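Remarks on the overall topology
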Protein chains: 2
Amino acid sequence: MKLGQATIKDIARELNVSSSTVSRALKDYPGISDETKRKVKELADKLNYRPNAVALSLRKSKSFTIGVIIPEVVHFFFSTVISGIEEVAFANNYNVILCQTNERLDREKSSIDTMLSNQIDGLLVSYSKETTDFEHFSKLMDLEFPIVFFDRLPEISNAVNVTVNDFEGAYQAVTHLISQGYKKIVHLAGPKNLAISKKRKEGYIQALLDGGITPDESLIVECAAGTEKESFDVTIVLFDNPENRPDAIFAHHDIVAAGAMMALKSINLRIPEDVGLVGYSNWQFSSMIDPPLSTVSQPGFKIGETAITMLLEMIDKKKDYQKEPVHVVLDTELLIRKSSVRL
Amino acid sequence: MKLGQATIKDIARELNVSSSTVSRALKDYPGISDETKRKVKELADKLNYRPNAVALSLRKSKSFTIGVIIPEVVHFFFSTVISGIEEVAFANNYNVILCQTNERLDREKSSIDTMLSNQIDGLLVSYSKETTDFEHFSKLMDLEFPIVFFDRLPEISNAVNVTVNDFEGAYQAVTHLISQGYKKIVHLAGPKNLAISKKRKEGYIQALLDGGITPDESLIVECAAGTEKESFDVTIVLFDNPENRPDAIFAHHDIVAAGAMMALKSINLRIPEDVGLVGYSNWQFSSMIDPPLSTVSQPGFKIGETAITMLLEMIDKKKDYQKEPVHVVLDTELLIRKSSVRL
DNA sequence: AACGTCGCCGCAAACGATTGCACAAAAAAT
DNA sequence: ATTTTTTGTGCAATCGTTTGCGGCGACGTT
């Protein structure tokens, strides 16, 4: 071995005992004399012995490793989730192996394959935008392989999910806009196939209804790409004509909101006086732009913590969530900043 | 096995051949009849056989896994680095196992321990702020264990490093400000003890000298915390008095720049007309604020790519960088946006 | 007919650790 | 003094895969 890492055999040879004895001595098995235990432990210490986790995995078919599949690490939201996952994993002596799909289904599949061949004990998944067929997940779940989905819900009946209350988050945001006197509220929506987009749209609609405003389909525009440029263009189209102009925007995403903000400024509309604006996800920049952007904050860290905690319970068979599937819904928080306050 | 994953033995049993034959057939070894190969491959396909990577690791003492140690995932810069690492790793069939230290030395050490016992093939490290003694790294390097450091340089003579040219980045930024006619340029500096802060400050000073401006110590203020609030306050103090007011700011960090921007606005100074502003790191928000912030972009993705590429070369013994240590310095890029352009 | 060659394949050890079982020696019970 | 129990340890198989070595039958050559 390159590292010259000491093995049980090394200790055994040196001490003229068998590997079995060393193994047992190290783990304080009964039936090993105190004398032997002492000697073994001393030498192990001296040689800086560390059990070979790979050999252990093979023997026990348990790797103390969990796989995490996310679309993109660079998303602030996902990085906070990872952070939460990492914390709990570390505290429980689990390793985290990471794969980003870049929103591509083929990478999702092949990542899962290599993770499985690495004998991961469980999987934490936020699937890619391309994923519409969930068989590669449900097949595993049928074999009782532990999976917890977060943020994006799969269409699998007995899936274990951790999400955020997107409906409520959107509802609160739009209700807030209404309470500020905005009446004609645009929704820049997310990709149709993502459940979160649907939920946010539903929350938007319900808030309108409860606020006595009739939803208008022409005010709901899908910004599927989620780039600034896209929403910039969309916003220009919506607001360019002074006749019957909308007076607020609820964006499904802060980046989208940022694009909209730039568009509004470019056509000399004031925020929040002329147009109110609320985003989603509380990206790092949202408090720093001018005006600071009101937004719905998702508890990324907590999502990560919750998801892995449940996964570990499944792995340890403490809970069998897949028998009575659980969907944990965490609360969002509406952060009211300047962009939506005009009263 | 929970997953009922087919093994070579299963295939062997089914086909009444030995495991060796199956193994060889799958890898197209010479000396196996085409007929057998065909049958083996067919069955392997049918059973959806995937080699057990753990067994392979044990056998070959090579795990195709590399460990990444970073202070915090949530930093935008680090997440881009990870993204770069992930890409190259994936392309080379390597796995990435991730540990964040949260800037703590004990976690750094224990993470390395568990990674080593997982037989990682190499290590990519950006060490914690608490790390001042590098023996836990140099010990490994003495055993020829492949390590590449990025962003933060250790005090180890034969270390392999990948960093960014902080001096040059600062130099370009300040030279740009001078070329725009700004003459009294403040530097909001980083913590004195970080090498990167020093480099940036040196670049700032050299640019002034080369631009025919005498550096003025009173214009260099340390913003050690790096928060918006801190730089807001500092900026107010510096710019509040109209007499002999500075006319530009070079901030060591975009967040610091953002705080300064808000301060300037709050005292009705126009950017870039009255005050020019350049930040550092190209945070995601910098292009979205108003005015868009000029900044020095650090190629995080490329740092990640470069570091892991070198690491893989070391692992594959193609290069022995540790014999003739290499320090790759990547160029920054000055992104000129509105906040610093008045000509 | 005897021998060499070649194609095709199996045996068994190895990687490092665990563990059921057996076994020897020492201690205790009869 | 013999049997039983206890104490401490070792053997060997196992996890899944690879690989050096050797074997065996079929063929070709003299």
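Computed from a prediction, not measured in an experiment: that's the story for all the values here. Positions within a chain are numbered from 1, following the residues in the order the chain's sequence is written. Throughout, the order in which chains and ligands are written sets their labels, letters from A for the former and numbers from 1 for the latter. In keeping with the model being predicted, local features are shown solely for residues with a pLDDT of at least 70 and side-chain atom pairs are shown and tallied solely at 80 or more, while totals for entire chains, interfaces and linings include all residues. Computation of side-chain values: all heavy atoms of the structure, hydrogens and water removed.

1. Quick word on the relation of the copies chain A and chain B
Note on the copies: chain A fits chain B at an RMSD of 1.4 Å, the axial shift is 0.8 Å, and the rotation between them is 179°. The operation mapping one copy onto its partner corresponds to a two-fold rotation axis. Superposing the copies works by least squares over the C-alpha atoms of residues that have pLDDT at least 70 in both of them.

2. Some words on the sheet that holds strand β10 (residues 294–297) of chain A
Residue and element names in this part refer to chain A. Read from one edge to the other, the open sheet built from six strands follows the order β7-β6-β8-β9-β10-β12, with strand pairing classed as mixed. Both edges of this open sheet fall to β7 (220–222) and β12 (333–335), since each of them pairs with a single strand only. Direction aside, neighbouring strands of the sheet carry axes that sit 20° apart on average. Strand pairing is assigned whenever DSSP detects at least two bridges linking the two strands. The helix and strand labels rest on DSSP assignments: H or I over at least four residues marks a helix, E over at least two residues marks a strand, and numbering proceeds from the N terminus. Pairing analysis gives three bridges linking strand β8 (residues 248–251) to strand β9 (residues 276–280), with the strands arranged parallel. Note that in β9 the partner of isoleucine 249 across the bridge is leucine 277. Only heavy atoms enter the contact rule, under which two residues are in contact if any of them lie within 4.5 Å. Where helices are involved, their axes are fitted lines through C-alpha atoms of the stretch in contact, as for all axes, and angles between N-to-C directions lie from 0 to 180°. Running at roughly 165° to β9, helix α8 (residues 166–179) makes contact with β6 (185–189), β8, β9, β10 and β12 of the sheet. In this fold helix α9 (residues 195–210) packs onto β6, β7, β8 and β9, with an angle of close to 170° to the strand it touches most, β6.

3. Notes on helix α5 (residues 76–91) of chain A
Residue and element names in this part refer to chain A. Expected helix span is computed as 1.5 Å times (number of residues minus one). Compared with an ideal rise of 1.5 Å per residue, which puts 16 residues at 22 Å, α5 spans 23 Å between its outermost C-alpha atoms and is within 8% of the ideal. Burial of α5 is extensive: 13 of the 16 residues sit out of reach of the surface. The first or second residue beyond α5 is asparagine 93, which carries a positive phi of 60°. Burial classification: accessible surface area is computed with a 1.4 Å probe over protein chains only, and a residue below 20% of its type maximum counts as buried, one above 50% as exposed, and the rest as partly exposed.

4. Details of empty space enclosed by the protein
Within this scheme a cavity is a closed region of a 1 Å grid, computed over the protein atoms alone, that accommodates a 1.4 Å probe without allowing it to escape, whereas a pocket is open but has protein on both sides within 12 Å along at least five of seven lines; lining residues each have an atom within 4 Å of a point. Grid points are joined across faces, edges and corners, and a volume is the space filled by probe spheres set on the points. As enumerated under the stated definition, the model contains three cavities of 30 Å³ or more in all. Counted as a void, the largest cavity has a volume near 220 Å³. Lining the largest cavity are 16 residues, and of these A:Val54, A:Thr65, A:Asn118, B:Thr65 and B:Asn118 sit closest to its centre. Elements supplying a minimum of two residues to the lining of the largest cavity: α4 (53–60) and β2 (95–100) of chain A together with α4 (53–60) of chain B. Among the elements that take part in the lining of the largest cavity, α4(A) stands out by supplying three residues, more than any other. Each residue gets one label: Ala, Val, Leu, Ile, Met, Phe, Trp, Tyr, Cys and Pro are nonpolar, Asp, Glu, Lys and Arg are charged, and the others, such as Gly, are polar. Taken together, the residues of the lining of the largest cavity break down into seven nonpolar, nine polar and no charged.

5. Points about the protein's contact with DNA strand D
Surrounding DNA strand D, one finds 29 residues, the nearest of these being A:Thr21, A:Arg24, B:Ile8, B:Tyr49 and B:Arg59. Being near a molecule or strand, for a residue, comes down to having at least one heavy atom within 4 Å of it. Counting only the atoms of DNA strand D that lie within 4 Å of the protein, the sugar and phosphate share comes to 58%. The definition of a polar contact used here is a pair of N or O atoms within 3.5 Å, where within protein one atom must be able to donate a hydrogen and the other to accept one, and adjacent residues in sequence count solely through side-chain atom pairs. Between B:Tyr29 and DNA strand D, the recorded distance is 3.0 Å, taken from a side-chain N or O atom to a phosphate oxygen. Sorting the residues of the surface near DNA strand D by element identifies α2 (19–26) and α4 of chain A together with α1 (8–15), α2 (19–26) and α4 of chain B as the ones contributing at least two each. Per-element tally for the surface near DNA strand D: the top contributor is α4(B), with four residues. Class assignment of the residues belonging to the surface near DNA strand D gives a composition of ten nonpolar, eleven polar and eight charged.

6. Structural notes on α2(A)
Residues and elements named next belong to chain A. Every buried residue belonging to α2 is among Thr21, Val22 and Ala25, and all of these are buried. For α2, the angular spread of buried residues about the axis comes to 100°, placing them on one side. Contacts made by the buried residues of α2 are with α1 (8–15) and α3 (34–46). Directly after α2, the chain includes aspartate 28, whose backbone phi takes a positive value near 55°. Of all possible arcs, the one meant is that of the directions from the helix axis to the C-beta atoms.

7. Focus on the interface of chain A and chain B
Counting residues at the interface gives 56 residues for chain A, matched by 57 residues for chain B. Definition used for salt bridges: Asp or Glu carboxyl oxygen within 4 Å of a side-chain nitrogen of Lys or Arg. Taken together, the links from chain A to chain B amount to eight salt bridges. Between B:Glu86 and A:Arg107 there is a salt bridge; the shortest N-O distance is 3.2 Å. Where chain A meets chain B, there are 20 residue pairs in polar contact (both at pLDDT 80 or more). Elements supplying a minimum of two residues to the side of chain A that touches chain B: α4, α5, β2, α6 (105–117) and α11 (254–266) of chain A. Looking at the side of chain A that touches chain B element by element, the count peaks at eight residues for α5(A). Grouping the amino acids of the side of chain A that touches chain B by side-chain chemistry returns 28 nonpolar, 17 polar and eleven charged.

8. Topic: the state of the cysteines
Disulfides are defined as cysteine sulfur pairs within 2.5 Å. Across all of its chains, the model carries zero disulfides over all chains by this definition. There is no disulfide at A:Cys99, and the cysteine sulfur nearest it, in B:Cys99, is 15 Å away. The buried category is assigned to A:Cys99, whose relative accessible area is 3%.

9. Some thoughts on the domain arrangement of chain A
Many analyses report the size of an interface as the accessible area lost when the parts associate. Domain borders in the structure are assigned automatically or taken from a domain database. Each assigned domain of chain A is listed here: domain 1 (8–51), domain 2 (63–163 + 300–330) and domain 3 (166–298). Distance from the C-alpha centre of domain 1 of chain A to the C-alpha centre of domain 2 of chain A: 38 Å.

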